[in-house]
Amino acid sequence: MAPLPPESKLISTADSLLEETETPGAAVAILVDGERVFHAGVGSLDLARGKAIEVDAQFLLYSVTKMLLAAVTMRLVERGIVSLTDSVASLIPEAAIDRRMSLRHLLRHTSGLRDYGGMPEYHEAVRTSPMEPWPEATILGRTLAQGALFEPGQGWAYSNIGYLLIRRVVGRHAGGSLATALDELLFRPLGLERTRMCETLDDTLELTPGFTTSIGEGGLVDVRGRYHPGWVAHGVVQSTVAELAVVVDALLAGHLLGQQSLAVMRAALPVLVTHPVIRVPGYGLGLMMDLDPGSHSLTGHAGGGPGYSAAAFSIRSGDGRRITIATLANRDADEVALRMVVELGGMLAGTS
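Conventions and cut-offs
- Residues numbered from 1 in each chain as written.
- Predicted model: local features only at pLDDT ≥ 70, side-chain atom pairs only at ≥ 80, totals over all residues.
- Heavy atoms only, no water.
- Helix = DSSP H or I, 4+ residues; strand = E, 2+ residues; numbered from the N terminus.
- Polar contact = N/O pair within 3.5 Å; in protein donor to acceptor, adjacent residues only side chain to side chain.
- Contact = heavy atoms within 4.5 Å.
- Expected span 1.5 Å × (residues − 1).
- Buried < 20%, exposed > 50% of the residue type's maximum accessible area, 1.4 Å probe, protein only.
- Pairing = 2+ DSSP bridges.
- Axes fitted to C-alpha atoms, helices over the stretch in contact; angles between N-to-C directions.
- Parallel < 35°, antiparallel > 145°, perpendicular 65-115°, else oblique.
- Nonpolar A, V, L, I, M, F, W, Y, C, P; charged D, E, K, R; others polar.

**Q** Is there a simple way to explain the side chain of Gln238 in this structure?
**A** Here Gln238 shows up in strand β7 (residues 236-239). A polar side-chain atom of Gln238 sits 3.4 Å from a polar atom in the side chain of Gln58. Not counting residues within four places of it along the chain, the set of residues in contact with Gln238 comprises Gln58, Phe59, Leu60, Arg194, Thr195, Arg196, Met197, Cys198, Asp203, Glu206 and Leu207.

Structure (structure tokens):
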């Protein structure tokens, strides 16, 4: 791998994206073959830009949580507790879903299930009642009532509802809650102390300020204590950028799963959609991938929702080193965290 760019160049690249997207600040961590080589806060904690963002601040990970859900599910598969070919209806009989739908279908978004992201009433409820999330039964029922998009395995469509069902499967078959399973199977083995499920309004008070226009009557507002994490149907993890980088690097290096399980997760299905950042989208089991040869095997997940943008990916340098980049930003604007990962990754791999 070429020598690392100066820290000043990494910071200026991140800062330019913050300015472009009118995002106050972000935290960035970069590992090379598991060793931290860069860890910094860039920009501001608040809209007034009066205080620097803290490098160890906590953020919501939003859909980056899907990668962690998939990883803990694969841990259960390795233990023989569930199988990827199991009918989801047999694992959680109370769910009124097609019996042909397997665990693999849910993890890969090939189940045919719709998503609540396309429901105007969902977004209106978040805007007007951000502290009062729909009960799980309501969000599941309203989505399922719209019918399937296609038969299981006959297409691809991103579905948060599919991962809500994964959450149920893990909670049911790991012998406790999803929070407990994540802690016991992923976070505790890695010594993570500030990474856990965010489940209540009080939990959000531990986060760094996060700004959005998607709740309230307009204008940027801080989501802490105002936006209930229960609106994220599959659950949402909160973490620092350093700990996020550690868990994603460990997963993609094969330290949390056997090589066969990791290979199954990484087996990507080409996704025939246009993405604003990823050139040739692919999706494995809980893993977003760029299948363009020039992407250096970009693999990981991005996420965003009220107040925060998140991304954590690994790439391969020309000499085969593993570069893991995690970015967390305090505004939900224009895929800013993912764009930061891609730009910094290009610099580190010598492509820009």
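**Q** When you look at helix α2 (residues 64-78) in this model, what are you seeing that I'm missing?
**A** Since the α-helix turns once every 3.6 residues, residues separated by three or four places project in the same direction. Here α2 is 15 residues long and its end C-alpha atoms lie 22 Å apart, about the 21 Å a rise of 1.5 Å per residue gives. With 13 of 15 residues buried, α2 is to be regarded as a mostly interior element. The first or second residue beyond α2 is Gly80, which carries a positive phi of 75°.

**Q** What's the story with the sheet that holds strand β4 (residues 196-198) in this structure? I'm lost.
**A** The strands that make up a sheet are held in pairs by hydrogen bonds between backbone atoms, and each pair lies either parallel or antiparallel. Strand order in this open sheet of three strands is β3-β7-β4, and the pairing throughout is antiparallel. At either margin of the open sheet sits one strand with a lone partner, and together these are β3 (59-60) and β4. Two strands pair when backbone bridges link them, and β3 and β7 are joined in this way by two bridges, in the antiparallel orientation. By the bridge assignment, Leu60 is partnered in β7 with Gln238.

**Q** I would appreciate a short explanation of the packing of α2 against helix α8 (residues 178-187) in the present structure.
**A** Helix-helix packing is characterised by the crossing angle of the two axes and by the distance between the axes. The contact between α2 and α8 brings their axes to 10 Å, and the two run at 75°. One finds that α2 runs roughly perpendicular with respect to α8. Within the contact between the two elements, α2 uses Leu68, Leu69, Ala71, Val72, Arg75 and Leu76 and α8 uses Leu178, Ala181, Leu182, Leu185, Leu186 and Phe187. Among the residues making up the contact of α2 with α8, the classes are represented as eleven nonpolar, no polar and one charged.

**Q** I tried to follow the sheet that holds strand β9 (residues 281-283) on my own but got confused; where do I start?
**A** With antiparallel pairing, the eight strands of this open sheet are ordered in space as β2-β1-β13-β12-β11-β10-β9-β8. For this open sheet the edge positions go to β2 (35-43) and β8 (269-270), each flanked by a neighbour on one side alone. Across eight bridges, the pairing between strand β1 (residues 25-32) and β2 is antiparallel. Residue pairing for β2: Val32 is matched across the bridge by Glu35.

Take it as geometry only, folks, not as evidence of what the structure does.
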